[in-house]
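Chain by chain, the residues run as shown.
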Amino acid sequence: MDKLLKELETQLEALTLVGMSDEAEARCDKIIDGLSLKSVNQSTLGLSWQLTSIAAAIVLLIGLSSGWWLGRSEAKTPITGLETAPEVYVSAFDLINERAWMQIEGDPVLYLSKNGEVRERRTEVDIFEETVLHRDSGKMVTVRITTRQPINEVTNQF
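Residues numbered from 1 in each chain as written. Predicted model: local features only at pLDDT ≥ 70, side-chain atom pairs only at ≥ 80, totals over all residues. Heavy atoms only, no water.

Draft legend 1. Highlighting the overall build of the protein chain. Broken down by element type, the protein chain carries three helices and three strands. Going residue by residue from the N terminus, the α and β elements of the protein chain occur as α-α-α-β-β-β. Of all 158 residues assigned to the protein chain, the portion counted as buried reaches 10%. Here the contacts in the protein chain between residues at least 6 apart in sequence split such that 50% fall between residues at least 24 apart. For the protein chain, the accessible area works out to roughly 14,100 Å², and carbon and sulfur atoms hold 60% of it. (Helix = DSSP H or I, 4+ residues; strand = E, 2+ residues; numbered from the N terminus. Buried < 20%, exposed > 50% of the residue type's maximum accessible area, 1.4 Å probe, protein only. Contact = heavy atoms within 4.5 Å. Areas by Shrake-Rupley, 256 points an atom, 1.4 Å probe, with all protein chains shown as cover.)

Draft legend 2. Main features of the pairing of strand β1 (residues 93–112). Note that β1 and strand β2 (residues 118–134) share 16 bridges and pair antiparallel. Across the sheet, residue W101 finds its bridge partner in β2, namely I127. (Pairing = 2+ DSSP bridges.)

Draft legend 3. View of the pairing of strand β3 (residues 140–154). Of the pairings in the sheet, the one linking β2 to β3 comprises 15 bridges and is antiparallel in character. Paired with E124 across the two strands is Q149, which belongs to β3. In this structure, the hairpin formed by β2 and β3 is closed by a connection of five residues, where G138 is found at a positive phi of approximately 80°.

Draft legend 4. How the structure looks around the environment of E120. Residue placement: E120 occurs in strand β2. A relative accessible area of 11% means that E120 is categorised as buried. As for E120 and P108, which are separated by twelve residues in sequence, their C-alpha atoms are 6.4 Å apart. Beyond its immediate sequence surroundings of up to four residues, E120 is in contact with P108, V109, L110, I151, N152, E153 and T155.

Draft legend 5. Seen up close, a negative patch on the surface. There is a patch of like negative charges on the surface, built from D22, E25, D29 and D33. Topologically, D33 is positioned in helix α2 (residues 22–34). (Patch = residues over 30% accessible without salt bridge, like charges linked within 9 Å, V, L, I, M, F, W, Y side chains within 5 Å. Salt bridge = Lys/Arg side-chain N within 4 Å of Asp/Glu carboxyl O. Lys, Arg positive; Asp, Glu negative; His and termini not counted. Charge placed at Lys NZ, Arg CZ, Asp CG, Glu CD.)

Draft legend 6. Inspection of the pattern of salt bridges at higher detail. Within this structure, the stated rule accounts for eight salt bridges. Across the pair E124 and R122 runs a salt bridge whose closest N-O atoms are separated by 3.0 Å. Across this residue pair, the class does not change: E124 and R122 are buried. Each member of the salt-bridge network shares a partner with another, and the members are E120, R122, E124 and E153.

Draft legend 7. Fine view of the environment of E130. Examined against the element boundaries, E130 turns out to sit in strand β2. C-alpha of E130 to C-alpha of I96: the two residues are 34 residues apart in sequence and 7.8 Å apart in space. Beyond its immediate chain neighbours, meaning those up to four positions away, E130 contacts L95, N97, E98, V141, T142 and V143.

Draft legend 8. Main features of the side chain of E124. If you trace the backbone, E124 turns up in strand β2. Within the local environment of E124, its side chain forms a polar contact with the side chain of R122, the two groups lying 3.0 Å apart. Residues in contact with E124, not counting those within four places in the same chain, are M102, Q103, T147, R148, Q149 and I151. (Polar contact = N/O pair within 3.5 Å; in protein donor to acceptor, adjacent residues only side chain to side chain.)

Draft legend 9. The arrangement of a nonpolar patch on the surface in detail. A contiguous nonpolar patch, built from F93, F128, V141, V143 and I145 and spanning about 370 Å² of accessible area, is present on the exposed surface. The element contributing the most residues to the nonpolar patch is β3, with three residues. With respect to the helices and strands, V141 occurs in strand β3. On the basis of relative accessible area, V141 is assigned to the partly exposed category, the value being 35%.

What follows is the structure, given as structure tokens:
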């Protein structure tokens, strides 16, 4: 068995490339020589990086100040329907139940990989479920989040 394996290995080594030909190496050198470095002193607009960074800082300052200006309104929040102080957050929902579980979708498939490992392929489904009660209307709402993730791992189970 070992002799047969060694013969197969020598035949496979004969198929692999040892190096690049002179023509391929010359083409690679030509491509590398043809690449030019862009100047770091100019932006895509043709302006210097100092001027571009100053313009970006001004735009960032305008964005932050307008976000602060728009966010300081005294309007009621859409989730709670109540006026709240900035430090206090009152929810309009009461948590009734919360649970999470995992299940496997379909049957797991066992197969032998090219490396000789026994691998298992399956789809795991993670489920998170939350039930809340809306205080004002008295209605119960159930939110279920389902996440499917394929699993392909080495196993020792047969």
